[in-house]
Amino acid sequence: MAENKATIILLSGDMDKVFAAFIIATGAAAAGMDTTVFCTFWGINAIRKDTLTGKSFMARMLGLLNRGGLRRLNPSKFSFGGMGRWMFSKMMVDKGVASLEELRETMIDLDVHLLACKMSMDVMEITPEDLIDEVEGVVGVAKMIKEAASSSIQLFI
Amino acid sequence: MAENKATIILLSGDMDKVFAAFIIATGAAAAGMDTTVFCTFWGINAIRKDTLTGKSFMARMLGLLNRGGLRRLNPSKFSFGGMGRWMFSKMMVDKGVASLEELRETMIDLDVHLLACKMSMDVMEITPEDLIDEVEGVVGVAKMIKEAASSSIQLFI
Amino acid sequence: MAENKATIILLSGDMDKVFAAFIIATGAAAAGMDTTVFCTFWGINAIRKDTLTGKSFMARMLGLLNRGGLRRLNPSKFSFGGMGRWMFSKMMVDKGVASLEELRETMIDLDVHLLACKMSMDVMEITPEDLIDEVEGVVGVAKMIKEAASSSIQLFI
């Protein structure tokens, strides 16, 4: 049965999509919905501390390419080696829109559940210590399916 | 409670994804579902008139990069500076598939609700006058959450 | 009414997104949900035999660009002309994660319904013979809407 819940599966690490995920999660939580953001693949960057991780050559190489932390996300278009990110951030600040960091704080204040995908973390050699402290848990796909199946909103971003 | 409604959140401005969104919305409306397409970020291009917008340097620069109008959308792959768009459009015409313009007309005929995201419009300095006349309103995320939560189909594209 | 069903609309042909779709479908089926993966556009590659298709110049050109088969998918980021694919595959093998081929086998074993979008196949001149034998049918958007509307999980990937 669908309950008053929202589940967002965040695979993307693109700035605009992480932004959309955070805005939707904040909106759902503000509307009184029990809201979960399940971060997988590149989406893990949205809940990572700003550090390099992984010990193997593969993981180090992926870590170099895939630097964590909200301040390093590029939009899905018009990246221009970071120029697009700067342009978007500046326009959002100019228009009084909350930054990704502020939105994440608001999500946490509104008790949005932040979960990380266990398999993605294993593959990318990211440890729980690499994630921000507010992440509630590192879980498998079964837990995510269970949440999504009982939610009245489920979105894959 | 899930009603006989469909809500599509269209963030992408890629030709293939806009196409998918329009086809799904048309199909849902044709099946008797009360259907809403909520356009945000690049998805706003799918409901824009074909004009340059924004007054500040930032908005003009973004406007130049992000030219509105259905005829300017590129597929998410094989763009080749517009070549991919031409190729796809040609194949679709050859196969008797409706164009994006025709699909949008059909959506409007089937009373699909076209909504624009207020925050995206503020950030990109797009005004209601820049949108096609059939757009029903410029709304916030709270309205979108409310629609999605009561829909039996909700998709993020 | 939402039944114990999951419907995944797979438009993407990116390796990471196909992977996510297969993992979610496998997880949903393992949890006892009646699960359908509806493949459209690039997602058709996830259920194609590894052959070139299409007879017209357009279709041949698209076929050349859009080589089918699971072994040819690239991740949505860090493609490096196939290097990213190799790196991801290697890390997944190293970590004991199932390959795309193994996941597809598991989906089939768990009776996940694999469907192909008729319109996409027409446009790309892909015939039913080009698809793997386990595909249950080539269907229109109306069938997909019907499945999604009665599912408690619907995701667009």
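As the structure is a computational prediction, the values presented were derived from the model and not from experiment.

Rules behind the numbers
Residue indices follow the written sequence of each chain, beginning from 1 at its first position. Here chains are named by letter from A upward and ligands by number from 1 upward, in the order in which they appear as written. Two thresholds apply to this predicted model, a pLDDT of at least 70 for residue-level local features and 80 or more for giving and counting side-chain atom pairs, whereas whole-chain, interface and lining totals are computed over all residues. Only hydrogens and water are set aside when side-chain values are computed; all heavy atoms of the structure are taken into account. Put simply, DSSP H or I for four residues or longer makes a helix, DSSP E for two residues or longer makes a strand, and each gets a number counted from the N terminus. The rule is simple: take the accessible area with a 1.4 Å probe, protein chains only, and divide by the maximum for that residue type; under 20% is buried, over 50% is exposed, in between is partly exposed. Only heavy atoms enter the contact rule, under which two residues are in contact if any of them lie within 4.5 Å. In short, Shrake-Rupley with a 1.4 Å probe defines the accessible areas, and a residue's cover is counted only from the protein chains shown. Residue types Ala, Val, Leu, Ile, Met, Phe, Trp, Tyr and Cys, when buried and joined through side-chain atoms within 4.5 Å, form a set referred to as a nonpolar core. In short, DSSP must find at least two bridges between two strands for them to pair. Handedness rule for crossovers: strands pointing away from the viewer, path from the first strand over the helix to the second running clockwise, crossover right-handed. All axes here are fitted lines through C-alpha atoms, helices being fitted over the stretch that makes contact, and every angle between N-to-C directions spans 0 to 180 degrees. The working definition used for a salt bridge is a side-chain nitrogen of Lys or Arg within 4 Å of a carboxyl oxygen of Asp or Glu. Put plainly, a pocket is an open set of points on a 1 Å grid over the protein atoms alone with protein on both sides within 12 Å along at least five of seven lines, a cavity is a set where a 1.4 Å probe fits but cannot get out, and a lining residue has an atom within 4 Å of a point. Grid points are joined across faces, edges and corners, and a volume is the space filled by probe spheres set on the points. Following the grouping adopted for this structure description, the nonpolar residues are Ala, Val, Leu, Ile, Met, Phe, Trp, Tyr, Cys and Pro, the charged ones are Asp, Glu, Lys and Arg, and the polar ones are all others, Gly among them. Each angle receives one of four descriptions, namely roughly parallel if under 35 degrees, roughly antiparallel if over 145, roughly perpendicular if within 65 to 115, and oblique otherwise. Note: crossing handedness is left-handed where the near helix turns anticlockwise from the far helix by less than a right angle, and right-handed where it turns clockwise. A 3.5 Å cut-off defines polar contacts: any pair of N or O atoms within that distance qualifies, except that in protein one atom must be a possible hydrogen donor and the other a possible acceptor, and neighbouring residues in sequence count only when both atoms are side-chain atoms.

Draft legend 1. Molecular detail of the overall build of chain A. When helices and strands are counted, chain A shows six helices and five strands. The helix and strand sequence of chain A, counted from the amino end, reads β-α-β-α-α-α-β-α-β-α-β. The burial tally for chain A puts 61% of its 157 residues in the buried class. Restricting to contacts in chain A with at least 6 residues of sequence separation, those with at least 24 account for 74%. Carbon together with sulfur atoms contributes 55% to the accessible area of chain A, which is approximately 6200 Å² in total.

Draft legend 2. Spatial organisation of the nonpolar core. Ile24 and Val37 of chain A, Ile24 and Val37 of chain B together with Ile24 and Val37 of chain C are the most contacted members of the largest nonpolar core, which totals 161 residues. What valine 37 of chain A contacts, discounting residues up to four positions off in sequence, is Ile8, Leu10, Ala25, Met107, Val112, His113, Leu114 and Leu115 of chain A.

Draft legend 3. View of the pairing of strand β3 (residues 113-117) of chain B. Residue and element names in this part refer to chain B. Among the five residues in β3, four count as buried, and that is most of the element. Across three bridges, β3 lies against strand β4 (residues 137-139) in parallel orientation. Bridging from a neighbouring strand, leucine 115 pairs with glycine 137 of β4. For the handedness criterion, the β-α-β arrangement of β3, helix α5 (residues 118-124) and β4 is classed as right-handed.

Draft legend 4. Structural view of the sheet that holds strand β4 (residues 137-139) of chain C. All names here are of chain C. As summarised here, the arrangement of the five strands in space is β4-β3-β2-β1-β5, forming an open sheet in which the pairing is parallel. Where the open sheet ends on each side, the last strands, each with one partner, are β4 and β5 (151-156). Neighbour to neighbour, the strand axes of the sheet diverge by 25° on average, direction disregarded. With four bridges joining them, strand β2 (residues 34-39) and strand β3 (residues 113-117) adopt parallel strand pairing. Its bridge partner lying in β3, phenylalanine 38 is registered against leucine 115.

Draft legend 5. How the structure looks around the pattern of salt bridges. Under the counting rule described, the total for this entry stands at ten salt bridges over all chains. A salt bridge links glutamate 147 of chain A to lysine 143 of chain A; its shortest N-O distance comes to 3.4 Å. Here glutamate 147 of chain A and its partner lysine 143 of chain A are both found in helix α6 (residues 141-149), four residues apart, which amounts to about one turn of the helix. Of the residues examined, lysine 143 of chain A reaches a relative accessible area of 38% and is grouped as partly exposed. One salt bridge connects lysine 118 of chain C with aspartate 122 of chain C, and the closest N-O pair in it is separated by 3.1 Å.

Draft legend 6. Quick peek at the pairing of strand β2 (residues 34-39) of chain A. Residue and element names in this part refer to chain A. Counting buried positions over the six residues of β2 gives five, a clear majority of the element. Across six bridges, strand β1 (residues 3-10) lies against β2 in parallel orientation. In the sheet register, isoleucine 9 faces β2, and the bridge partner there is phenylalanine 38. What joins β1 to β2 is helix α1 (residues 15-30), and the crossover it makes is right-handed.

Draft legend 7. Region of interest: the sheet that holds strand β1 (residues 3-10) of chain B. All names here are of chain B. One open sheet accounts for five strands, arranged β4-β3-β2-β1-β5; its pairing is parallel. Only two strands of the sheet have a single partner each, and these edge strands are β4 and β5 (151-156). Mean inter-strand twist for the sheet, computed between neighbouring axes without regard to direction, equals 25°.

Draft legend 8. Focus on empty space enclosed by the protein. Applying the stated criterion across every chain, the model contains nine cavities of 30 Å³ or more. Of the voids in this model, the second largest cavity is the one considered here, and its volume is about 90 Å³. As for the second largest cavity, its lining consists of 14 residues, and the residues nearest its centre are Ala20, Ile23 and Ile24 of chain A together with Thr40 and Cys117 of chain B. Of all the secondary-structure elements, those providing two or more residues to the lining of the second largest cavity are α1 of chain A together with α5 and α6 (141-149) of chain B. Sorting elements by how many residues they give to the lining of the second largest cavity places α1 of chain A first, with four residues. Its residues assigned to classes, the lining of the second largest cavity comprises twelve nonpolar, two polar and no charged.

Draft legend 9. View of the environment of lysine 5 of chain A. Residue and element names in this part refer to chain A. Relative to the elements of secondary structure, lysine 5 occurs in strand β1. Lysine 5 sits 147 residues away from serine 152 along the chain, and the two C-alpha atoms are 5.7 Å apart. If near-sequence neighbours (up to four positions away) are discounted, lysine 5 is found in contact with Met33, Asp34, Glu147, Ser150, Ser151, Ser152 and Ile153.

Draft legend 10. Representation of unusual backbone geometry. With a phi close to 65°, aspartate 111 of chain A is a non-glycine residue in the positive phi region. Checked against the element boundaries, aspartate 111 of chain A lands in the loop between α4 (100-109) and β3 (113-117).

Draft legend 11. Broad picture of the packing of helix α1 (residues 15-30) of chain C against helix α4 (residues 100-109) of chain C. All names here are of chain C. Contact geometry of α1 with α4 gives a least axis separation of 9 Å together with a crossing angle of 30°. Considering their axes alone, α1 and α4 lie roughly parallel with respect to each other. The interaxial crossing formed by α1 with α4 has left-handed handedness. Between α1, through Met15, Val18, Phe19, Phe22, Ile23, Ala25 and Thr26, and α4, the contact on the second element is made entirely by Leu100, Leu103, Arg104, Thr106 and Met107.

Draft legend 12. Summary view of the side chain of glutamine 154 of chain B. Relative to the assigned elements, glutamine 154 of chain B resides in strand β5. From its side chain, glutamine 154 of chain B meets the backbone oxygen of serine 151 of chain B in a polar contact 3.3 Å long. Setting aside anything within four residues of it in sequence, one finds glutamine 154 of chain B in contact with Ser152, Ile153, Gln154 and Leu155 of chain A, Thr7 and Ala148 of chain B together with Gln154 of chain C.

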